[in-house]
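Residues per chain are reported as follows:
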Amino acid sequence: MKRTGKQGFAAVAGAMGAVLALAGTAVAQPAGSGAEAPAAVPGQPGTGEILPHPGPEGLIWIPDWIGDGGAVTASVNPSQPFTFTLGCRGGGSVDVHIGGAAPVDFTVQCPVDSTGVGSVEVPARPGRDLLFTAHTSDPSIHWGMYATQAD
């Protein structure tokens, strides 16, 4: 499946909106208020590029994110598997969860001065969306990701 520049840009812009929507808003609570702290402090966009753009097979691409985050997109062809790739740097690790009928979990180690990369193929299954979350072991870790699906 070929995608034009406008479609690719719209997919990336939509993905970043989804990342921001899933990240949520941190709420500060006074000490001793009895309120539970948020499970995770949301991340923020980075200014670099951890992984390059995946090309015409890309379903979603996040060039650089710092800290926890996630995104959602739909598969183009539910009869084809897709490949999810995450790269990170900064020390520590990123735990990845891909939700759906057959969830997938994996961890990517993040070197301090290079990029660690992990990838997984998610089998074809009808009616699936790609919903993933990334939890960093340190809020300063940078990561990027893309999901691809061959024609």
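Model, not experiment: these values are computed from the prediction.

About the cut-offs
Residues numbered from 1 in each chain as written. Predicted model: local features only at pLDDT ≥ 70, side-chain atom pairs only at ≥ 80, totals over all residues. Heavy atoms only, no water. Helix = DSSP H or I, 4+ residues; strand = E, 2+ residues; numbered from the N terminus. Buried < 20%, exposed > 50% of the residue type's maximum accessible area, 1.4 Å probe, protein only. Contact = heavy atoms within 4.5 Å. Disulfide = S-S within 2.5 Å. Pairing = 2+ DSSP bridges.

(A) Spatial organisation of the environment of Ile98. Relative to the helices and strands, Ile98 is located in strand β5 (residues 93-99). For Ile98, a relative accessible area of 0% gives the class buried. Residues Ile98 and Phe132 lie 34 residues apart in sequence; the distance between their C-alpha atoms is 4.3 Å. Leave out the neighbours within four places in its chain, and Ile98 touches Phe84, Pro103, Val104, Phe106, Val120, Val122, Leu130, Leu131 and Phe132.

(B) Expanded view of the state of the cysteines. Counted by the stated rule, this structure contains 1 disulfide. Disulfide partner of Cys88: Cys110, at an S-S distance of 2.0 Å. Its S-S torsion of about -95 degrees marks the bond between Cys88 and Cys110 as left-handed, since a negative value means left-handed. Linking Cys88 in strand β4 (residues 82-89) with Cys110 in the loop between β6 (104-109) and β7 (116-122), this pair joins segments that are 22 residues apart in sequence. Residue classification places Cys88 among the buried residues on the basis of a relative accessible area of 0%. What makes Cys110 buried here is its relative accessible area of 4%.

(C) Local environment of the environment of Ile66. Note that Ile66 resides in strand β2 (residues 58-66). Sequence separation between Ile66 and Ile141 is 75 residues, and the spatial gap between their C-alpha atoms is 5.6 Å. Dropping the residues within four chain positions of it, Ile66 is found in contact with Gly43, Gln44, Pro45, Gly46, Pro139, Ser140, Ile141 and His142.

(D) Structural view of the sheet that holds β2. If you walk across this open sheet you meet the 5 strands as β1-β2-β9-β4-β7, and the pairing is antiparallel. Where the open sheet ends on each side, the last strands, each with one partner, are β1 (44-45) and β7. Where β4 and β7 come together, 7 bridges link them in antiparallel fashion. What sits directly across from Leu86, in β7, is Gly118.

(E) Seen up close, the side chain of Gln149. Among the secondary structure elements, Gln149 is positioned in the segment after β9 (142-148). Judged by its relative accessible area of 3%, Gln149 is buried.

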